[in-house]
Amino acid sequence: MEYIVEKIGMSRTITVPSKPVTLLRVLDAKVCEVNEGTAIVAYKRGKKMNKAIEGQQKKYSLSSEFNRFVTLDVANSEAGNLDLTPLAEAKVVKATFNTKGRGFTGAMKRWNFSGGPAEHGHRFGRLTGSIGSNEYPGRVMKGKKMPGQYGNTQNSVKNEIISYDAENNILVVAGSVSGANGALGRVKVAK
């Protein structure tokens, strides 16, 4: 079973020894259509609106605030509110989020290269250094660690569930989850 969640942030438990935990809010969602376990699910996010969304809302008789649609594996057998009972019994979840985007970064930040000496007379500094050989093969090899886009990639982590507050739809998982606070991601029940 999959759910759309929003990352609230990180905290700690008050037990001894304390554990770092991540708080995730399970978003309110409506199941629009079910086909063999997978379903079209609508959820609330922002003010995005266009004719295609209006057509979907009219087709499934949804209110205007349900303006995002996604395909998920659900426990529901028919349309209606998303069934959250599997979360109460779950022990482990697999959280999938996009990592924080850091833009175009150099090789030292992106790949943890040490760089060259920073003393007088050196021009190496924070540069990548040599990237290939001369005569053979006479080109830069594929997969070479070089400067470029860093972050903003999908990352999945398995986390143990510490607690689940069904009243407020807040899921507390052990450890960290990728992404910025307020970012949307998916949580899939693993055990």
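Here's a quick rundown of the structure. Bear in mind the structure is a predicted one, so any value in this text is a computation, not a measurement. (Residues numbered from 1 in each chain as written. Predicted model: local features only at pLDDT ≥ 70, side-chain atom pairs only at ≥ 80, totals over all residues. Heavy atoms only, no water.)

### Concerning the overall build of the protein chain
Reasoning step 1: Each helix and strand counted, the protein chain has three helices and 12 strands in total.
Reasoning step 2: Relative to a compact globule of 191 residues, whose C-alpha radius of gyration would be 16 Å, the protein chain shows 23 Å and is clearly more extended.
Reasoning step 3: Dimensions of the protein chain, computed from the C-alpha atoms along their principal axes, are close to 70 × 50 × 30 Å.
Reasoning step 4: The buried share among the 191 residues of the protein chain stands at 30%. (Helix = DSSP H or I, 4+ residues; strand = E, 2+ residues; numbered from the N terminus. Rg over C-alpha atoms; globule rule 2.2 N^0.38 Å. Buried < 20%, exposed > 50% of the residue type's maximum accessible area, 1.4 Å probe, protein only.)

### Here we look at the pairing of strand β2 (residues 20-26)
Reasoning step 1: Relative to β2, strand β1 (residues 2-12) runs antiparallel, the two sharing seven bridges. Paired with Glu6 across the bridge in β2 is Arg25.
Reasoning step 2: Here β2 pairs with strand β11 (residues 170-174) via five bridges, running antiparallel. Considered in β11, the bridge of Leu23 is made with Val172. (Pairing = 2+ DSSP bridges.)

### Re unusual backbone geometry
Reasoning step 1: Between Val16 and Pro17 the backbone carries a cis peptide bond, its omega angle lying at -5°.
Reasoning step 2: Checked against the element boundaries, Pro17 lands in the loop between β1 and β2.
Reasoning step 3: The omega torsion across Tyr136 and Pro137 is 5°, close enough to zero to call that bond cis.
Reasoning step 4: As for its placement among the helices and strands, Pro137 is situated in the loop between α3 (107-111) and β9 (148-149).
Reasoning step 5: Of note in the backbone geometry, Asn152 takes a positive phi value of approximately 55° without being a glycine.

### What about the side chain of Lys7?
Reasoning step 1: On the secondary structure map, Lys7 appears in strand β1.
Reasoning step 2: We note that Lys7 is buried and unpaired, the nearest opposite charge coming from Glu6 at a distance of 11 Å.
Reasoning step 3: Here Val177 takes part through its backbone oxygen, which lies 2.8 Å from a polar atom of the side chain of Lys7.
Reasoning step 4: For Lys7, the residues in contact, after removing those within four places along its chain, are Thr22, Leu23, Leu24, Phe97, Val177, Ser178, Gly179, Ala180, Asn181, Gly182 and Ala183. (Lys, Arg positive; Asp, Glu negative; His and termini not counted. Salt bridge = Lys/Arg side-chain N within 4 Å of Asp/Glu carboxyl O. Polar contact = N/O pair within 3.5 Å; in protein donor to acceptor, adjacent residues only side chain to side chain. Contact = heavy atoms within 4.5 Å.)

### Quick word on the nonpolar core
Reasoning step 1: Ranked by internal contacts, the top residues of the largest apolar core, which has 26 residues, are Leu24, Val41, Leu171, Val173 and Val187.
Reasoning step 2: Elements with a minimum of two residues in this core: β1, β2, β3 (29-35), β4 (38-44), β5 (66-73), β7 (92-98), β10 (154-165) and β11.
Reasoning step 3: Aside from chain neighbours lying at most four places away, what touches Val41 is Ala29, Lys30, Val31, Arg68, Phe69, Val70, Leu72 and Val74.
Reasoning step 4: Core analysis: the second largest hydrophobic core is formed by five residues, Cys32, Ala42, Tyr60 and Leu62 among them. (Core = buried A, V, L, I, M, F, W, Y, C linked by side-chain atoms within 4.5 Å.)

### Considerations on the sheet that holds β7
Two modes of strand pairing occur in sheets, parallel and antiparallel, and in both the strands are linked by backbone hydrogen bonds.
Reasoning step 1: Around the barrel, which closes on itself, the six strands sit in the order β1-β2-β11-β10-β7-β12 with antiparallel pairing between neighbours. Averaged over all pairs of adjacent strands, the angle between their axes in this sheet comes to 45°, without regard to strand direction.
Reasoning step 2: Of the pairings in the sheet, the one linking β7 to β10 comprises seven bridges and is antiparallel in character. Bridged to Val92 within β10 is Glu160. (Axes fitted to C-alpha atoms, helices over the stretch in contact; angles between N-to-C directions.)

### Quick notes on the sheet that holds β3
Reasoning step 1: If you walk across this open sheet you meet the four strands as β5-β4-β3-β6, and the pairing is antiparallel. In this open sheet, the two strands that pair with only one neighbour each are β5 and β6 (80-81).
Reasoning step 2: Where β3 lies against β6, two bridges are found, and the strand directions are antiparallel. Looking at the pairing, Val31 lines up with Gly80 of β6.
Reasoning step 3: Helix-sheet contacts for helix α1 (residues 51-59) involve β3 and β5, and the interaxial angle to β5 is about 70°.

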